Amino acid sequence: MSVELANISIARPATIEEAVALASGPDARYLAGGTDLLVNMRRGITRAARLIDLAGVDALKSISCDASGVVVGAGVELARLIEHEEISRRFPAIVQAAAAIAAPGHRNVATLGGNLCLDTRCVYYNQSEWWRSANAWCLKNRGDTCHVAPQGERCHAAFSGDLAPVLLVLGAEIEVAGPAGRRRMPLAELYVEDGRAHLTLAHGELLVAVHLPADGRNAAYEKVRLRGAIDYPLAGVAVAMTMQDGRIESLRVGLTGLNSRPLLVAGTEAFAGRAVDDDLLKAVDRLVQHQAQPVRTTLAAAHYRRLAAAAVARRLVRRLAGG
Amino acid sequence: MHGSAKPRKRLVRIEVNGRWCEDAVSDGDLLVDYLRDVAHLTSVKVGCDGGECGACTVLLDGVPVSACLTLVVRCEGRNVETVEGLVKQGRPNRLQQAFHEKLGAQCGFCTPGMIMASEALLRRNPHPSDDEIRAALAGNLCRCTGYVKIIESVRHAAEASA
Amino acid sequence: MSAVYKARTGRQGVPLIDGVDKVTGRALYTADLDRNGALVGRILRSPVAHAEIVRIDVSKACALDGVAAIVTGADCRFTYGVLPIAMNEYPLARERVRYRGEPVAAVAAIDEETAQRALDLIEIEFKELPAYFESKDARAPDAVLLHDKKPGNIEREVHHDFGDLDAGFAAADLVREHRVTCAEINHAQIEPHACLAEFDPVSGRLTVQDVSQVVYYLHLTLARCLELDEAQIRVIKPFVGGGFGARVEVLNFEIVTALLARAAGGKVFMQLTREETFLTHRARPQTDIALRLGMTKDGRFTACACVVTQRGGAYAGYGVVTILYAGALLQGIYDIPAIKYDGYRVYANLPPCGAMRGHGGVNTRFAFETLVDRMARELGLDPFAVRRANLLQAPMQTMNGLMVQSYGLAECLDAVERASGWKERFGRMPPGKGLGMACSHYVSGSAKPIHFTGEPHAVIHLKLDHDGGVTALTGAADIGQGSSTMVAIAVAETLGVGLDRIRVVSSDTAVTPKDNGAYSSRITFMVGNAAIAAANNLKALLTAAAARTLDAAVEEIVCEGGYFRVGDMGQAALSFKEVVAAALVDEGAISVKGAFTCPVEFQGGKHRGGAVGSTMGFSYAAQVVETSVDDATGQVTVDKVWVALDCGHAINPLAVAGQIEGSVWMGMGQALCEETRYLNGLAAHASFLDYRMPTIVESPQIEAFVVESHDPNGPFGAKEASEGALAGFPPALVSAIGNATGVDLHEIPATPDRLLEAIGKSRLKAAAAARKARAAS
């Protein structure tokens, strides 16, 4: 009954190379789990004549762990990530974030790569064709005004994936395949602060794997939302922290649901050597509040999302310090 | 016949409730429409505009998925189960019986999806805790019961099969 | 004396008679019906909030291959509306549109894609008018009127004054006033709206299968809007996936589908999207309340003054009833010597509001119970003690003419106080945790029908034939609440036979007797009484046949356990089937009926609007909510709920428990997270992602108790069970949040952003007070 999907064609490649070759054509898009893309296509906010279905590409589905690090294929489903013993042992924060995404039915098909490349979201954007047309479209879709910040030049839709902030604080790198071959880069370089085009992938480029360090045990993720399931984060916070002799060795804070990209909070290296006390927590709070830039992209107040992010950051730092 | 040129259909073979079906489908066809309109399995309900309510939950190779987020072409050669398929010789299975006896179903609209998500849970974890039941049914919205009797129904079915 | 028992462990109930169909997937809902040959119907909706329609041009759409029919406002010149005094809506807008999403035109085409393309080809020219999305803007002196003769955009003003208000406040030791705001919410039944209509141009007959809770009103309205003889119409309700009031009035898409079917001369299937289902709305309005209460130092209420403003949306719907209920239901629960009520129902350029579970009473109950709680705290009184100080003594009549015949509130209070460990725990909760309580009530059916025809309020037919099976024919709409099962139990218990002998056929206007429908919790009380009356009539025929066969006097015949015998010890016994065979001799198949009418003395006060709130029996509920509050993020968790409901008598304890749990939980949704939101009149909540009804994860354990006060007029003593407990949840939760944090919220839902803001304000206030105290010392 979906008019919008009526005329698409699907290609089902078996290898990464085939997939990349197929995707180079015009109007083609990769299809991972489809839990976001198909909804967006049905609403008419994402259009594509051809979907390159990645479900049959086995090379995207491997998880390999050794002493030097862990490599997770972009096509690994969230449910598999959650249940993977080695992942939960080494990276509890990844499991916390993955388990907080949508609902079990989604997690059975949604993938790591899909969550990292999730489209940005906005209350003026994730609406039906009738709704957006009645509202004269928006900067992200067919229009020339951002209804969130009409005087501005850019789209403010918020990145709302749960996994990215965790992978950022863990120092993950990503591997990308494209018509020009493969490249590897820090995850942070996948994103830019533009709600309309927040990914730096070129046309036809495919996220194929995430490279993680050998261990990320002292990290945690928490998400603020109204309900215990289904909801995207109003604010999501990941913290990774190591301590030495009761003092901070390294502290990293990642945010989602606030800006147009997942954000690795800058300036936390200054906390090295400090004890986790009220002053430190206040400083973390200030830093998060300063760098988080939520705007009216959700029905919940933007100011609240900033406060909640800071509160959760404080809490996670205290928790990871053992307090 | 009405005019606009549509892409060619392709044949898919899917095992639906234990019976292999072969049907011509378009690439963009969703499993929910295939099950309702082609296989006439109307237990698979449409409650939302895409992926939000869980009423169309079916098992794909034993794993619960939303049929409204699943392309039929992805089901080629695979096994799909709906609540109709749990009935054997006209008898409801243990979960269906429990949802009936314990009033896990009021209006009944979310019930088939709720039962399929529960069925997947009990196959994997025959004796779940209440929190495990909650986690497994987190994507299935019900507006009638407050979920109290749904949890009781699943618990009862688990006890019945002990 | 009332009996109290725990619903789950008390007398057994029975599963729903149609339950197996639901769990096996056999149950067919409107969208599951045979649509072979049906055209696809789609509606074109207004993109603007308020405008004159200058021009509609459907010529391009008509010319599209595959389009069978197009209808616009020109195709229906009759208004409709559930209240005969307030029919001000057209199924398709004529001349003016008043909200974004209002139907303007509709198409029937051979498939969905064609229908959509046809909608895109319809050209409409609007001349926009100022639009109002808040009550205060709509009421501004210079505001453009949405409807003629409704100055100030007020649909209805109510001013009721009972008792001596000044004397009441003068007698109080403490008088407090607060203002609260309750967000608009929606029923959000999981089944989207759908309708299948078939028109036969040869016979001129229209058959509609649809999701309605009010099949008879739909039948009447279709006749009116399509100018058909009622005898040419048949309306059938298949399985319905929930209502909660969403379908207690005729909805635009139902009439539109029928108009399309007639225009196309065939069958049209209309399935609304979830978004359109939200746009159809008719739910609980955004409400502002100012409530003033007087209390003595021992907790007696002395006077209450309440001003309610409801933002009703663009059309009348049930609005007049809602604004009257909001005042009427201040009474009938506690003894309050003086009550003044001022209500304002306001038009705004938003989807029309209507009736929703707990109709009219929920938001005023929130304002009242939270203020009681805050005043009790100020006076150092226990919240339970305050309620107990103000109980009614049944039977009695309230100041506004409502009759209270049975009253189990005291037992409800006892049950939840004990079960929750209130006495031991209240005031001793650890930081961040709190307890709160509240009471509520609701009518068991509106004693005065909406359409006054002089007919009984409920009629049931029973058919008995050679097979010995009893078929109960009822117009009562089972929408999942289990009313068909209730009818089966009432008939079976009265006849003394097993449920397996009873079949229920419901809601087919060609077959079943007229019934006003599933609203105001009327079915158990009214249809239940009619079912008992019908079964007694049938039993009388059977007893006479048994007496003839056994050669005994009718008075000597005892009927129980499926057997008829002479006297208690009678040796000669006839089986039910033997008696049926005897009764059919010379008569053939038997049809009997039973009817029920609410006597006029129950139909409310003589003042204007006095009929609203009138009922033959009120249900009563008390509940305790335990909560945890995260004061860093403002997130609220409901840990547990204890609730007791006086439903008179639980005809089916299993179903009663299900209704109590479901209604409490629905109150939780309103209290915690549900709200509609509009951006310049565009519904921004119209999905299950943005309209946040609770998932199973955050839904608490609900321990339900049933109190049986045995209403003298109820069927087997029963009253309603599905609405009364709802209204207690929001105040109990907000009081529990206050108990946990010391912060008094004045808004629901208690979303984390609202709560965090309130906590922040309260801390600032406390800091300022501390500074002042320091400066003074």
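All values derive from a computational prediction rather than experimental measurement. Within each chain, residue numbers correspond to sequence positions counted from 1 in written order. To read the labels, note that chains go from A and ligands from 1, taken in the order they are written. Given that this is a predicted model, residues contribute local features only at a pLDDT of at least 70 and side-chain atom pairs are listed and counted only at 80 or more, while totals for whole chains, interfaces and linings are drawn from all residues. Excluding hydrogens and water, the side-chain values take into account all heavy atoms of the structure.

**A closer look at the pairing of strand E14 (residues 286-295) of chain C**
Side chains on a regular strand alternate between the two faces of the sheet. Residues and elements named next belong to chain C. Relative accessibility decides the category of a residue: with a 1.4 Å probe and only protein chains considered, values under 20% of the type maximum give buried, values over 50% give exposed, and everything between is partly exposed. A run of H or I in DSSP becomes a helix once it reaches four residues, and a run of E becomes a strand once it reaches two; helices and strands are each numbered from the N terminus. Of all 10 residues in E14, 8 are buried, a share of seventy percent or more. Note: two strands are recorded as paired if DSSP finds a minimum of 2 bridges between them. Relative to E14, strand E9 (residues 174-182) is paired through 9 bridges, and the arrangement is antiparallel. Looking across to E14, one finds that Arg 176 is bridged to Leu 293. Adjacent in sequence and paired antiparallel, E14 and strand E15 (residues 301-311) are bridged by 5 residues, among which Gly 299 carries a positive phi angle near 95°.

**Here we look at the pattern of salt bridges**
By definition, a salt bridge exists where a carboxyl oxygen of Asp or Glu is found within 4 Å of a side-chain nitrogen of Lys or Arg. Under the definition given, this model contains 75 salt bridges over all chains. Here Arg74(B) ties to Asp53(A) by a salt bridge, and the two come within 2.5 Å at their closest N and O atoms. Of this pair, Arg74(B) sits in the loop between strand E4 (63-66) and strand E5 (79-81) while Asp53(A) sits in strand E3 (residues 50-53), which puts the two residues in different chains. Residue Asp744(C) pairs with Arg377(C) through a salt bridge whose shortest N-O separation is 2.6 Å. Taken as a pair, Asp744(C) in the loop between helix H18 (729-741) and strand E32 (747-748) and Arg377(C) in helix H10 (residues 362-379) lie far apart in primary sequence, 367 residues in all. A residue is classified by how much of its surface remains accessible, and Asp744(C), at 24% relative accessible area, is partly exposed. Three or more residues are tied together by salt bridges with common partners; here these are Arg55(C), Asp57(C), Lys60(C), Glu123(C) and Glu125(C).

**Thoughts on the sheet that holds strand E10 (residues 194-200) of chain C**
All names here are of chain C. Read across the open sheet, the 7 strands follow the order E4-E6-E2-E13-E10-E11-E12; overall the sheet is mixed. Only two strands of the sheet have a single neighbouring strand rather than two, namely strand E4 (67-72) and strand E12 (233-236). Between one strand axis and the next, the sheet turns by 20° as a mean value, whatever way the strands run. Pairing analysis gives 5 bridges linking E4 to strand E6 (residues 103-109), with the strands arranged antiparallel. Among the inter-strand pairings, Ile 70 is bridged to a residue of E6, identified as Val 107. Set on the sheet, helix H6 (residues 215-226) makes contact with strand E11 (205-210) and E12; between it and E12 the angle comes to about 145°. Note on definitions: angles span 0 to 180 degrees between N-to-C directions of axes, and those axes are lines fitted to C-alpha atoms, for helices only across the stretch in contact. For this analysis, residues touch if any pair of their heavy atoms sits within 4.5 Å.

**Notes on the side chain of Thr30(C)**
Looking at where Thr30(C) falls in the secondary structure, it is placed in the loop between helix H1 (19-24) and strand E2 (39-45). Leaving out residues up to four positions away in the same chain, Thr30(C) has contacts with Glu191(C), Ala194(C), Cys195(C), Leu196(C), Gln209(C), Asp210(C), Val211(C), Pro238(C), Phe239(C) and Phe269(C).

**What to know about the interface of chain B and chain C**
Tallying the contact residues gives 47 residues for chain B and 61 residues for chain C. Throughout, buried area stands for the accessible area (probe radius 1.4 Å) lost by two parts on being put together, summed over both. For the chain B and chain C pair, buried surface summed over both sides reaches about 4,200 Å², with 60% attributable to carbon and sulfur atoms. Along the contact surface separating chain B from chain C lie 5 salt bridges. The closest approach of N and O atoms between Arg36(B) and Asp32(C), which form a salt bridge, is 2.8 Å. Distance and chemistry together define a polar contact, namely a pair of N or O atoms within 3.5 Å, with one atom able to donate a hydrogen and the other to accept it when in protein, and with adjacent residues in sequence counting only for side-chain atoms on both sides. On inspection of chain B and its partner chain C, the count reaches 20 residue pairs in polar contact (both at pLDDT 80 or more). Residue assignment for the side of chain B that touches chain C shows that the elements contributing at least two residues are helix H1 (31-38), helix H2 (94-101), helix H3 (111-124) and helix H5 (148-160) of chain B.

**Looking at the pairing of strand E1 (residues 10-16) of chain B**
Residue and element names in this part refer to chain B. Bridging between E1 and strand E2 (residues 19-25) involves 7 bridges; their strand directions are antiparallel. Bridge pairing links Val 16 to Arg 19 in E2. Hairpin remark: E1 followed by E2, antiparallel, with 2 residues in the connecting loop; positive phi at Asn 17, about 50°. Bridge count between E1 and E5: 2 bridges; the pairing is parallel. Bridge pairing links Glu 15 to Asn 79 in E5.

**What about H10(C)?**
Residues and elements named next belong to chain C. An expected span of 1.5 Å times one less than the residue number is assigned to each helix. Across its 18 residues, H10 extends 26 Å between first and last C-alpha, which sits within 8% of the 26 Å expected from 1.5 Å per residue. In terms of residue burial, H10 counts as a mostly covered element, since 15 of its 18 residues are buried. Phi turns positive one or two residues past the end of H10, at Gly 380, with a value near 70°.

**Side note on the interface of chain C and chain A**
On the chain A side, the residues contacting the 35 residues of chain C number 33 residues. In total, chain C and chain A occlude about 2,900 Å² of area from one another, counting both sides; carbon and sulfur atoms represent 62% of this. When the buried surface of chain C facing chain A is broken down by residue, Leu682(C), Leu689(C) and Arg692(C) rank first, second and third, together holding 19% of it. Across the contact surface, chain C and chain A share 2 salt bridges. The salt bridge partner of Arg315(A) is Asp630(C), with a shortest N-O separation of 2.5 Å.

**A few points about the domain arrangement of chain B**
All names here are of chain B. What the domain assignment lists for chain B is domain 1 (2-84) and domain 2 (86-160). Here domain 1 and domain 2 have C-alpha centroids that lie 22 Å from each other. Regarding the contact of domain 1 and domain 2, the summed buried area is about 1,200 Å², with carbon and sulfur atoms giving 61% of it. At the junction of domain 1 with domain 2, the criterion picks out 1 salt bridge. Here Arg 123 makes a salt bridge to Glu 81, at a shortest N to O gap of 2.7 Å. Any residue that is not Ala, Val, Leu, Ile, Met, Phe, Trp, Tyr, Cys, Pro, Asp, Glu, Lys or Arg is counted as polar, Gly included; the first ten are nonpolar and the last four charged. Among the residues making up the side of domain 1 that touches domain 2, the classes are represented as 7 nonpolar, 6 polar and 4 charged. Those domain boundaries reflect an automatic or database domain assignment.

**Brief notes about the side chain of Glu84(B)**
In this fold, Glu84(B) is placed in the loop between E5 and H2. For the buried Glu84(B), no salt bridge is present, and the opposite-charge side chain at shortest range is Lys45(B), 6.9 Å distant. At 2.5 Å, the side chain of Glu84(B) and the side chain of Ser43(B) are in polar contact. At a separation of 2.7 Å, a polar atom in the side chain of Glu84(B) contacts the side chain of Thr82(B). Those residues in contact with Glu84(B) that sit more than four places away from it in its chain are Asn17(B), Leu41(B), Thr42(B), Ser43(B), Thr24(C) and Gly25(C). Positive charge is attributed to Lys and Arg, negative charge to Asp and Glu, and no charge count is given to His or to the chain ends.

**Here we look at the domain arrangement of chain C**
Residue and element names in this part refer to chain C. When its domains are assigned, chain C resolves into domain 1 (33-129 + 191-241 + 247-280), domain 2 (286-448 + 603-761) and domain 3 (458-597). Of note, the centres of domain 1 and domain 3, computed from C-alpha atoms alone, are 40 Å apart. Across the domain 1 to domain 3 interface the summed buried area is about 1,200 Å²; carbon plus sulfur atoms make up 54%. Per-residue buried area on domain 1 facing domain 3 is highest for Gln 213, Tyr 216 and Lys 237; these three make up 45% of the total on that side. On the surface where domain 1 and domain 3 come into contact, there are 1 salt bridge.

**Comments concerning the nonpolar core**
Residues and elements named next belong to chain C. Within the largest apolar cluster, 241 residues are counted, with the highest numbers of intra-cluster contacts made by Leu 291, Phe 368 and Leu 409. Sort the elements by how many residues they give to this core and H6 lands first, with 9 residues. Apart from residues no more than four positions distant in its own chain, Leu 409 is found in contact with Ile 333, Tyr 334, Leu 391, Cys 439, Tyr 620, Ala 621 and Ala 622. Formed by 57 residues, the second largest nonpolar core is a distinct cluster that contains Val 240, Ala 535, Phe 576 and Ala 582. Throughout this description, the term nonpolar core refers to a set of buried Ala, Val, Leu, Ile, Met, Phe, Trp, Tyr and Cys residues connected via side-chain atoms within 4.5 Å.

**Structural notes on helix H9 (residues 319-328) of chain C**
Residue and element names in this part refer to chain C. Counting buried residues in H9 gives 10 out of 10 residues, a clear majority hidden from the surface. Looking only at H9, the buried set comprises Gly 319, Val 320, Val 321, Thr 322, Ile 323, Leu 324, Tyr 325, Ala 326, Gly 327 and Ala 328. On its buried face, H9 sits against strand E8 (154-162), E15, strand E16 (339-346), H10 and strand E19 (433-443).

**Some points on the packing of aromatic side chains**
Each Phe, Tyr or Trp ring, with Trp reduced to its six-membered ring, pairs with another whose centre is within 6.5 Å; inter-plane angles below 30 degrees give stacked pairs, above 60 give edge-to-face pairs, and intermediate values give tilted ones. Tallied over the entire structure, the rule returns 20 aromatic pairs over all chains. Plain terms: the ring middles of Tyr29(C) and Phe239(C) are 5.6 Å apart, the flat faces sit at 50° to each other, and that makes the pair tilted. Of the two residues, Tyr29(C) sits in the loop between H1 and E2 while Phe239(C) sits in the loop between E12 and helix H7 (252-264), which places them 210 residues apart along the sequence. For Tyr29(C), a relative accessible area of 2% corresponds to the buried category. Ring centres 4.2 Å apart and planes at 15° place the aromatic pair Trp422(C) and Phe426(C) in the stacked group. Note on Trp422(C): relative accessible area 0%, which makes it buried. Among the aromatic residues, those joined into a ring-pair cluster are Phe109(B), Tyr29(C) and Phe239(C). By definition here, charges over rings are those cases where NZ of Lys or CZ of Arg is within 6 Å of the ring centre and within 35 degrees of the ring normal. In this structure, Lys140(A) is placed above the aromatic ring of Tyr125(A), and the distance from its NZ or CZ to the ring centre is 4.7 Å.

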